[in-house]
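# Observations on the three-dimensional arrangement
Next come the chains, spelled out residue by residue.
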Amino acid sequence: MGRSSDPGSLPLEPFRIKVVEAIACPTREEREAALASAGFNLFNLTSEQVYIDLLTDSGTSAMSDRQWAALMVGDETYAGSRNFAHFLEVVRDLTGFPHVIPAHQGRAAENLLFSTLARPGMIVPNNMHFDTTRAHVLRNGAEAVNLAIREAYDPESAHPFKGNMDVGKLDALLGSSAGKVPLVMMTLTNNTGGGQPVSLSNLRAVSESCRRHGVPLYLDMCRWAENAFFVREREEGQAGRSIREIGRDLFALADGATMSAKKDGLVNIGGFVATRDAALAERLKEALIVFEGFPTYGGLARRDLEAMAVGLLEATDLDYLAHRIAQVRFVAERLDAAGVPFLKPVGGHGIYLDVRRFLSHLPVEDFPGQALAIEIYREGGVRSVEVGSVMFGDGASPHNGDSPLELVRLAIPRRVYTVSHLAYAADAVVRVYERRASIRGVRMTHAPEHLRHFTARFAPK
Ligand code: F0G
């Protein structure tokens, strides 16, 4: 099965299809009407209005027969469910973190961690904050600082680990901000920067810097198995090791992690926060009881914990991962052949179109990323998401203060689409590229203060 991720080869499915779900492509007229009624925000579209949904890889995975079977052995006991015991055993075994607190998804885990540790005047460094992570840091009055290496901001750099952190900058920040940094976070893979991996050696250097300054290191481990796949493929001395072995090395360098199992847990809902710190775990559990529920279910049905335990292990399977990454590369190669500009090397969970080169005639005031996502939907009923000035700006500002990147992400759901689906979606993007010169910008007609990409509304310029 190793061949399925080689360049030029078809992504060979290490599964066959047992259940199908009907989908249909709306007509061009229906798509136009849908855009207008959605306020040109693709988050407002219904599933019937979308043919190929590349909005997100989060919570959109197809579960396996084993996961569906796991749901049937749900033990819906309020306290002390068997499913929690199994879930705990799996997470401890994969990560080595002794204390595991379930939560209904990643941002719930972030809420527990940041509402417990972050205070006004504090600074939280990350390689690059994901939007919800940033929102939780800000919500608790702290400052969110991105310290990714310089290459992370260059869409054409071929650096193999663009998720890496600039350790020199981290060291300087920790040196000048003693007592102000409650934790350092590393996002595996770096979603905002294009699904780019962090190397084991960079994580080791980050960990050493944190130790020197007495600051705990936490991983945002949403896509850790994909990260480990790249470590295995690209880092010296790592070829031939299993994903779980590499994972154990990654986790050994950290003090804890937050997890959205909607990604590399292959479930539709679920997450957790894990830590080595027993005293912190007690505080997190107190917050959990207020926000999510009792510590042996954390806002989930117990059957969900069982499906998560199975999914977390399936996500470490090499055949599964090779196919997954091969699907992403298949789309990338098709776009590349037509000259479509995207962030390279292609990441683990999607293709990030480089809007600045794609729509080079549109200024940032025209929200070009949003304009591009709209056109891709208009062209083929394919839904993508803007990851740029709409997602990371605040209020009515057209500017994304933090990042010079302006991207549109085509996220590939896990085990959901066939090669034909992916070829269709890529070809729709190519047709938009061919008529790019005629594409106009948009203006924002409703501008929420934070996380505005979810609810903003737009109109064509
Ligand atoms: N951290 C990262 C790196 C993420 O990508 C996400 C979610 C979260 C945290 C929050 O997890 O959704 O379970 O609450 N990312 C999704 C995406 C939404 O589309 O990239 P959540």
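Refer to the structure printed above.
First, a word on what this report is: a plain description of the structure on this page. (Residues numbered from 1 in each chain as written. Predicted model: local features only at pLDDT ≥ 70, side-chain atom pairs only at ≥ 80, totals over all residues. Heavy atoms only, no water.)

We now examine the overall build of the protein chain. Check the secondary structure of the protein chain and you find 16 helices and 14 strands. The C-alpha atoms of the protein chain give 21 Å as radius of gyration, which agrees with the globular expectation for 461 residues (23 Å, within 12%). Taking the principal axes of the C-alpha coordinates as reference, the protein chain spans close to 60 × 55 × 45 Å. Of all 461 residues assigned to the protein chain, the portion counted as buried reaches 61%. At a minimum sequence separation of 6, the contacts of the protein chain that also span at least 24 residues come to 73%. A total of about 17500 Å² of accessible surface is found on the protein chain, and carbon and sulfur atoms cover 53% of it. In the protein chain, which carries 51 positive and 55 negative side-chain charges, the distance between the mean positions of the two groups comes to 1 Å. (Helix = DSSP H or I, 4+ residues; strand = E, 2+ residues; numbered from the N terminus. Rg over C-alpha atoms; globule rule 2.2 N^0.38 Å. Buried < 20%, exposed > 50% of the residue type's maximum accessible area, 1.4 Å probe, protein only. Contact = heavy atoms within 4.5 Å. Areas by Shrake-Rupley, 256 points an atom, 1.4 Å probe, with all protein chains shown as cover. Lys, Arg positive; Asp, Glu negative; His and termini not counted. Charge placed at Lys NZ, Arg CZ, Asp CG, Glu CD.)

What follows deals with helix 11 (residues 302–314). Between its first and last C-alpha, helix 11 extends 19 Å over 13 residues, near the 18 Å set by a 1.5 Å rise per residue. Among the 13 residues that make up helix 11, eleven are buried, leaving the element largely enclosed by the rest of the structure. Among the residues of helix 11, Arg-302, Asp-304, Leu-305, Glu-306, Ala-307, Met-308, Ala-309, Val-310, Gly-311, Leu-312 and Glu-314 are the ones counted as buried. (Expected span 1.5 Å × (residues − 1).)

With that out of the way, let us pick up the nonpolar core. Within the largest apolar cluster, 61 residues are counted, with the highest numbers of intra-cluster contacts made by Phe-87, Val-184, Met-186, Leu-219, Trp-224, Phe-272 and Leu-312. Among the domains, domain 1 (28–57 + 317–460) and domain 2 (65–314) are the pair contributing at least three residues each to this core. (Core = buried A, V, L, I, M, F, W, Y, C linked by side-chain atoms within 4.5 Å. Domains from an automatic or database assignment.)

At a closest axis distance of 7 Å, the pairing of helix 3 (residues 82–95) and helix 9 (residues 243–252) adopts a crossing angle of 80°. Comparing the axis directions of helix 3 and helix 9 gives the class roughly perpendicular. Contact residues: helix 3 offers Asp-93, Leu-94 and Thr-95, while helix 9 offers Arg-244, Arg-248 and Phe-251. When the residues that make up the contact of helix 3 with helix 9 are grouped by side-chain class, the tally is two nonpolar, one polar and three charged. (Axes fitted to C-alpha atoms, helices over the stretch in contact; angles between N-to-C directions. Parallel < 35°, antiparallel > 145°, perpendicular 65-115°, else oblique. Nonpolar A, V, L, I, M, F, W, Y, C, P; charged D, E, K, R; others polar.)

The values reported here are purely geometric and, on their own, carry no functional implication.
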